[in-house]
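Examination of the molecular architecture
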Amino acid sequence: MNTVRIGFFVSVLLSMVFCWELAGVGMMTCLLYCLSLVLGYRGGSQFREKSSPYECGFEPIGGARSSFSLRFFLLAMVFMIFDVEVVLLFPAMAGMMMDFVPVSVYFQGFFFFLILLLLGLWFEWSEGSLEWL
């Protein structure tokens, strides 16, 4: 019974530490964002020349920003999602080979992970994002 209480206490303590770390990271992010807004403000027209595109000393031809196809962006996002899937599954397979955790736990994790990915794929398909592929 004591080991159960100690284990529960340790898990609660670790959860609290994680929450405080998460809150600290969020506060630091907000602080740095606000600091960049304050320090990065450049009012007036004196910086117009510095913000224009530079083309080897010549006057710029056309706009600096050109549009790109959203379909290529979606293709890149789909590729990244499934690439990350493979990267996350390889260490799990290596861990399963080491017999640190029972195989049933790994299969439950794989099943949950693959269900999430299949739900994402189904959502993209039903939205029509994958029809041109």
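The structure this text deals with has already been given above.
Report on the accompanying structure. (Residues numbered from 1 in each chain as written. Predicted model: local features only at pLDDT ≥ 70, side-chain atom pairs only at ≥ 80, totals over all residues. Heavy atoms only, no water.)

1. Let's talk about the overall build of the chain
Across its full length, the chain holds four helices and zero strands. Listed N to C, the secondary structure of the chain is α-α-α-α in terms of helices and strands. Per-residue burial for the chain yields a buried fraction of 9% across its 133 residues. Total accessible area computed for the chain in this model is approximately 12,100 Å², and 73% of it derives from carbon and sulfur atoms. (Helix = DSSP H or I, 4+ residues; strand = E, 2+ residues; numbered from the N terminus. Buried < 20%, exposed > 50% of the residue type's maximum accessible area, 1.4 Å probe, protein only. Areas by Shrake-Rupley, 256 points an atom, 1.4 Å probe, with all protein chains shown as cover.)

2. Remarks on a nonpolar patch on the surface
Nonpolar side chains collect at one region of the surface, where F68, L70, F73, M77, F79, M80, V84 and L88 lie side by side and expose about 830 Å² of accessible area between them. Structurally, the position occupied by F79 is in helix α3 (residues 70-98). Using a relative accessible area of 54% as the deciding quantity, one classes F79 as exposed. (Patch = residues over 30% accessible without salt bridge, like charges linked within 9 Å, V, L, I, M, F, W, Y side chains within 5 Å. Salt bridge = Lys/Arg side-chain N within 4 Å of Asp/Glu carboxyl O.)

3. Details of the packing of α3 against helix α4 (residues 103-127)
Across the interface, α3 lies against α4 with an axial gap of 11 Å and an inter-helix angle of 175°. By the angle between their axes, α3 is roughly antiparallel relative to α4. Where α3 approaches α4, its residues V78, I81, F82, E85, L88, L89, A92, M93, G95 and M96 are matched on the opposing element by V103, Y106, F110, F113, L114, L117, L121 and E124. (Axes fitted to C-alpha atoms, helices over the stretch in contact; angles between N-to-C directions. Parallel < 35°, antiparallel > 145°, perpendicular 65-115°, else oblique. Contact = heavy atoms within 4.5 Å.)

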